Amino acid sequence: MQTVPKRPRSNHLDLAQRILDAVRQGGFRLGDRLPEQQVATLCNVSRTPVRAALHLLSEQGVVVWEKATGFTLAVDPAATLGAAAELPSADEDRLADSILRDRAARRLDGTVTAAGLSRRYRKEKRTVLKSLKILEAENWLEKAPGQSWLFRPAQEGPEAIAESYDYRLLLEPASLLEPGFRADETQSSALRLGMEAQLASPESAFDIREFQRLDLAFHGMVARGAANRFVGQSLADHLRLRRLPGMLHGVNVFRLKQSTREHLAILDQIEAGQFEAAADLMRLHLRLSRSQRPQAASRGAPVLPAAAERRGR
Amino acid sequence: MTARSGPIIALFPEASFGAALNCVGIAQVLRERGARPVFICHPGFTGLFADYGFAEHHLSLPGKEARPDTWQDFVRRHLPHFNLSPLEQLDTYVAPTWEAIVDTAIDAEPGLNALLARLKPDAVVLDNVIMFPTLATSGIPWVRVVSCAETELPDANVPPYLSGLAAEDAGRADFERRYLAAVAPAHERFNRFRASVGLPALPSSEFLEPSPWLNLLLTPDIVKRHRTRPLDPRKFIYLEGCVRSEGPFEPPEFPDGKGPLVYLGFGSLGAGDVALIERMISVFATFPARFIVNVGGFRDAYRAVPDNVYLDSWFPQPSVVAQCNLFIHHGGNNSFCEALYFGVPSLVVPYCWDGHDNAQRAVEAGVGLRLDRAKWTERELVSAMSTLLGDASMRRRLKENSATMSANPGTVRAADAVLALVGR
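Remember, it's a predicted structure, so these values are computed and weren't measured experimentally.

## Thoughts on the overall build of chain A
And step 1. Secondary structure assignment for chain A yields 13 helices and five strands.
And step 2. Here chain A holds 313 residues, and 36% of them are scored as buried.
And step 3. For chain A, contacts bridging at least 24 residues in sequence account for 70% of all contacts bridging at least 6.

Below, the structure written as structure tokens:
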């Protein structure tokens, strides 16, 4: 059974995933110590969030903490890719996931109320309100006048998806071209490993959820690397909308592999400091991804105007 | 054999998803065998074949650019006709459709001629219901794929094409007479066009002659008919379906989902009938199963979807059907063959064309049931689903047949036959 791809519940969850990527890339093994400062340096963040993320991993059994030694790896990091996505969440987090899942599946209308959600999910209203606040903070919905909450436009339907690609075509190459762009090298390396592993898998075993994780992380890295903070923030906010469940159901695996190869080619140019080439490849990548499935035609396809006029019908 | 030196096989499916995806299945195996499959395609299908990694060459159809609302207009115009009987559809749907198909063949002629000259294929795989004269006169070996029901090739033991009748039905002669009358104007126009390019006229019910080189029929053995004049096995090969390979599909999470998995897909045409699908969904809400529903480009039209229903605009259908316990479809031949290939019972709700024939055959062969599109009741739908989900004997027979079909896939048979034709 497919589980719903998780929203970014917190920075700690994202960071826990980055820690896993970093320790794997860094060649850490089962039983190795994970000094907080070293991990913080690897992930380019301060020690405080690293400690919180390590505690999340500790709850999952990925690391253990002892007073004498601090955190040590309790598993083989190569075998735990994606483990952070399985981290348990609070009740309101799980409810927020369910609300998103059901909105994506059109079980919920574009406007909801806390009372209605409380009845539907059999949760206390205060829990529902906490979930709505989480979703509001992540720009999924906004408070409307009165008791209603309004879902923001999502990437649903061909027109919205096309507009999203148009928007990204403006900003993602711009992020790469702005002087001062800086990619997270550790994450870049971890992404490369993950993408190469995906390319090595046969189409019949292709993990679409893993593709989605890597795809989001790759484009998120481009957004975070922007020297212009407003470009980076706008992109990051927009890319979050792509985490909606079911976003990739209609995409062919051949195209996903092709897309992965395009990601790798862009990474090559970023790592070589060739940002103009990276931006060109990004434009190409986004244009190819934007290509829509055909408009339906069928046996007895519409009699188009020219032919009808010619026969005088 | 290297890819560079392999023969060029041009696949030329008609502008329908069934034919297009059927050809994708053949092309996937041709590519594995080292051939160079390329697609000649209708401009409206841009991107479909490229998504599977194949080169696309678009037919030039001057003045034929479809408006964004063309398809919706077409569906809206014809939806009432799909509630009519096959006999009543002859004048309202079948005849205008043949007129449109003849238009396509005439309009494609110059562009196809130029494409064949440029591509220089070693063979052309034509998955269509009409001949393109420039192909017949090109001298290039061409393969006819009969991706409709077997009824497309007439025989005394085979019911009339598009009739939905049993072979021995008393109404047969009347249907045949009225079919010929309805399509006569299009047929005469097409024959005049053939004459203008030096091709002989076709008999009154035919728009496409058998290929003198090779003909491929999708028809699986379990639904095959015993013809009074068997097809020449040197020129006609039964493929036992022709199911493409797709990426994996994981069923979505349902809030309260339990029970068997049912897939509903009415094809690109049927997805436009929102009212019908909404009515079915309201029944699904009360039935103890999980439903995956393909709603094509009309997803925005739905709201308050029940907790045991998941809908989306596209699915990797073979991968979905493989995991289902029941497939509710329109009788499109690809859908019917996919159900048989994976050993899944069919509940056929036919709209038009050979969907009627496959619905009839599903019942006759004991591989499914038919539901009347216009007159079904909630009780009938529930009863049909319960019957098909509970029929252990049918399921066992379908699974045995599935094992036979998948042991020698039609895509492989087709690709091998095409390569044998071009001497590779």
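## A closer look at the sheet that holds strand 5 (residues 148-151) of chain A
Residues and elements named next belong to chain A.
And step 1. Taken together, the three strands give an open sheet; going across it, the order is 3-5-4, and neighbouring strands pair in antiparallel fashion. The outermost strands of the open sheet, each flanked by one partner alone, are strand 3 (111-113) and strand 4 (141-143). Across this sheet, the average inter-strand angle for adjacent strands is 30°, counted without regard to direction.
And step 2. Note that strand 4 and strand 5 share three bridges and pair antiparallel. Bridging from a neighbouring strand, Leu141 pairs with Phe151 of strand 5.

## So, the domain arrangement of chain B
All names here are of chain B.
And step 1. Split into domains, chain B comes out as domain 1 (8-243 + 409-421) and domain 2 (261-406).
And step 2. The straight-line distance from the C-alpha centre of domain 1 to that of domain 2 is 24 Å.
And step 3. Listed by partner, the interface residues are 30 residues for domain 1 and 32 residues for domain 2.
And step 4. For the side of domain 1 that touches domain 2, the elements supplying multiple residues, two or more each, are helix 1 (17-32) and helix 3 (86-119).

## Regarding the pairing of strand 2 (residues 36-41) of chain B
All names here are of chain B.
And step 1. Across the six residues of strand 2, six count as buried, placing the element largely inside the fold.
And step 2. Burial of the side chains of strand 2 extends over both faces: Arg36, Val38 and Ile40 are buried on one face and Pro37, Phe39 and Cys41 on the other.
And step 3. With four bridges connecting them, strand 1 (residues 8-13) and strand 2 associate as parallel partners. Bridge pairing in strand 2 links Leu11 to Phe39.
And step 4. With respect to chirality, the unit in which strand 1 leads through helix 1 into the neighbouring parallel strand 2 is right-handed.
And step 5. With four bridges connecting them, strand 2 and strand 3 (residues 55-58) associate as parallel partners. Looking at the pairing, Ile40 lines up with His57 of strand 3.

## With respect to the domain arrangement of chain A
And step 1. Domain annotation for chain A reports domain 1 (11-86), domain 2 (91-151) and domain 3 (157-290).
And step 2. For domain 2 of chain A and domain 3 of chain A, the distance between their C-alpha centroids amounts to 29 Å.

## Digging into the sheet that holds strand 13 (residues 368-370) of chain B
Residues and elements named next belong to chain B.
And step 1. If you walk across this open sheet you meet the six strands as 10-9-8-11-12-13, and the pairing is parallel. Every other strand in the sheet has two partners, leaving strand 10 (309-312) and strand 13 as the edge strands with one partner each. Sheet twist, expressed as the average angle between the axes of neighbouring strands with direction ignored, equals 15°.
And step 2. Helix 9 (residues 333-341) rests against strand 8 (261-265), strand 11 (326-329) and strand 12 (346-348) of the sheet, and its axis sits at about 170° to strand 11.

## A closer look at the packing of helix 8 (residues 185-200) of chain A against helix 9 (residues 208-224) of chain A
All names here are of chain A.
And step 1. Relative orientation of the contacting elements helix 8 and helix 9 amounts to 150°, with a least axis distance of 10 Å. When the axis of helix 8 is compared with that of helix 9, the two are roughly antiparallel. Helix 8 and helix 9 meet at a crossing whose hand is left-handed. For the pair helix 8 and helix 9, the contacting residues are Gln187, Ser188, Leu191, Gly194, Met195 and Gln198 in the first and Glu210, Phe211, Leu214, Ala217, Phe218 and Met221 in the second.
And step 2. Split into classes, the residues belonging to the contact of helix 8 with helix 9 amount to seven nonpolar, four polar and one charged.

## Examining the confidence of the model for chain B
And step 1. Residues with a pLDDT of 70 or more make up 96% of chain B, whose mean pLDDT is 91.
And step 2. Both confidence scores are given for the complex: pTM 0.82, ipTM 0.77.

## What about the nonpolar core?
And step 1. Membership of the largest hydrophobic core comes to 146 residues, with the highest contact counts inside it found for Ile26, Val125 and Leu347 of chain B.
And step 2. Residue contacts for Leu347 of chain B: discarding those within four places in its chain leaves Leu326, Ile328, Gly368, Leu369, Leu371, Ala384, Met385 and Leu388 of chain B.

## Concerning unusual backbone geometry
And step 1. Backbone geometry places Leu162 of chain B, a non-glycine residue, at a positive phi of 70°.
And step 2. Secondary-structure assignment places Leu162 of chain B in the loop between strand 5 (142-146) and helix 5 (172-196).

## Here we look at the packing of helix 4 (residues 91-104) of chain A against helix 6 (residues 125-137) of chain A
All names here are of chain A.
And step 1. Look at helix 4 against helix 6: their axes get within 8 Å of each other, and the N-to-C directions meet at 65°. Taken together, the axis directions place helix 4 and helix 6 in an arrangement best described as roughly perpendicular. For the pair helix 4 and helix 6, the crossing hand works out as right-handed. Residues Asp91, Glu92, Asp93, Leu95, Ala96 and Ile99 of helix 4 pack against Thr127, Val128, Lys130, Ser131, Ile134 and Leu135 of helix 6.
And step 2. Tallied by class, the residues present in the contact of helix 4 with helix 6 amount to six nonpolar, two polar and four charged.

## What to know about helix 12 (residues 275-290) of chain A
Residues and elements named next belong to chain A.
And step 1. For helix 12, built from 16 residues, the straight-helix expectation of 22 Å at 1.5 Å per residue is met to within 8% by its first-to-last C-alpha distance of 22 Å.
And step 2. Turning to helix 12, its buried residues are Phe275, Ala278, Ala279, Leu281, Met282, His285 and Leu286. Seen from one end, helix 12 has its buried residues packed into an arc of 165°, which puts them on one side. Residues Glu276 and Arg287 are exposed on helix 12 and point more than 90 degrees away from its buried face.

## Re helix 6 of chain A
Residues and elements named next belong to chain A.
And step 1. Under the 1.5 Å per step criterion, the end-to-end length of helix 6 is 18 Å for 13 residues, consistent within 8% with the ideal 18 Å.
And step 2. Every buried residue of helix 6 is accounted for by Val128, Ser131, Leu132, Ile134 and Leu135. The arc enclosing the buried residues of helix 6, seen along the axis, measures out at 155°, which places them on a common side. Along helix 6, exposed side chains directed more than 90 degrees from the buried face belong to Arg126 and Ala137.
And step 3. Following helix 6 by one or two positions, Asn139 has its phi on the positive side, about 70°.

## A few points about the environment of Ser58 of chain A
Residues and elements named next belong to chain A.
And step 1. Tracing the sequence through the fold places Ser58 in helix 3 (residues 47-59).
And step 2. Separated by 114 residues in sequence, Ser58 and Glu172 place their C-alpha atoms 36 Å apart.
And step 3. If sequence neighbours within four positions are ignored, Ser58 has contacts with Val63, Val64 and Trp65.

## Details of the pairing of strand 9 (residues 290-294) of chain B
And step 1. Counted residue by residue, strand 9 of chain B has five buried out of five residues, so it is predominantly covered.
And step 2. Both faces of strand 9 of chain B are covered, namely the face carrying Arg290, Ile292 and Asn294 of chain B and the face carrying Phe291 and Val293 of chain B.

## Examining the confidence of the model for chain A
Residue and element names in this part refer to chain A.
And step 1. Summing up the model confidence of chain A, the mean pLDDT is 80 and the portion of residues at 70 or higher is 81%.
And step 2. Across chain A, helix 5 (residues 114-121) holds the top mean pLDDT of 95, while helix 13 (residues 305-310) sits lowest at 32.
And step 3. Here residues 1-9 is a poorly scored stretch, pLDDT under 50, and it has 27 contacts once near neighbours within four places are set aside; other chains count.
And step 4. Note that residues 294-313 has pLDDT below 50 and, in this model, 46 contacts with residues that lie over four places away or in other chains.

## Concerning the environment of Leu267 of chain A
Residues and elements named next belong to chain A.
And step 1. Within the element layout of this structure, Leu267 appears in helix 11 (residues 253-271).
And step 2. Given 21 C-beta atoms within 10 Å, Leu267 falls into the buried group.
And step 3. Each C-alpha atom of the pair Leu267 and Gln60 lies 31 Å from the other, and the pair is 207 residues apart in sequence.
And step 4. Setting aside residues no more than four positions away along its own chain, Leu267 makes contact with Ser188, Leu191 and Arg192.

About the criteria used
Residues numbered from 1 in each chain as written. Chains lettered and ligands numbered in written order. Predicted model: local features only at pLDDT ≥ 70, side-chain atom pairs only at ≥ 80, totals over all residues. Helix = DSSP H or I, 4+ residues; strand = E, 2+ residues; numbered from the N terminus. Buried ≥ 20, exposed ≤ 12 C-beta atoms within 10 Å, placed from the backbone. Contact = placed C-beta atoms within 7 Å. Pairing = 2+ DSSP bridges. Axes fitted to C-alpha atoms, helices over the stretch in contact; angles between N-to-C directions. Domains from an automatic or database assignment. Right-handed = clockwise from strand over helix to strand, strands pointing away. Parallel < 35°, antiparallel > 145°, perpendicular 65-115°, else oblique. Left-handed = near helix turned anticlockwise from the far one by under 90°. Nonpolar A, V, L, I, M, F, W, Y, C, P; charged D, E, K, R; others polar. pLDDT = per-residue confidence, 0-100. Core = buried A, V, L, I, M, F, W, Y, C linked by C-beta atoms within 7 Å. Expected span 1.5 Å × (residues − 1). Arc of directions from axis to C-beta.

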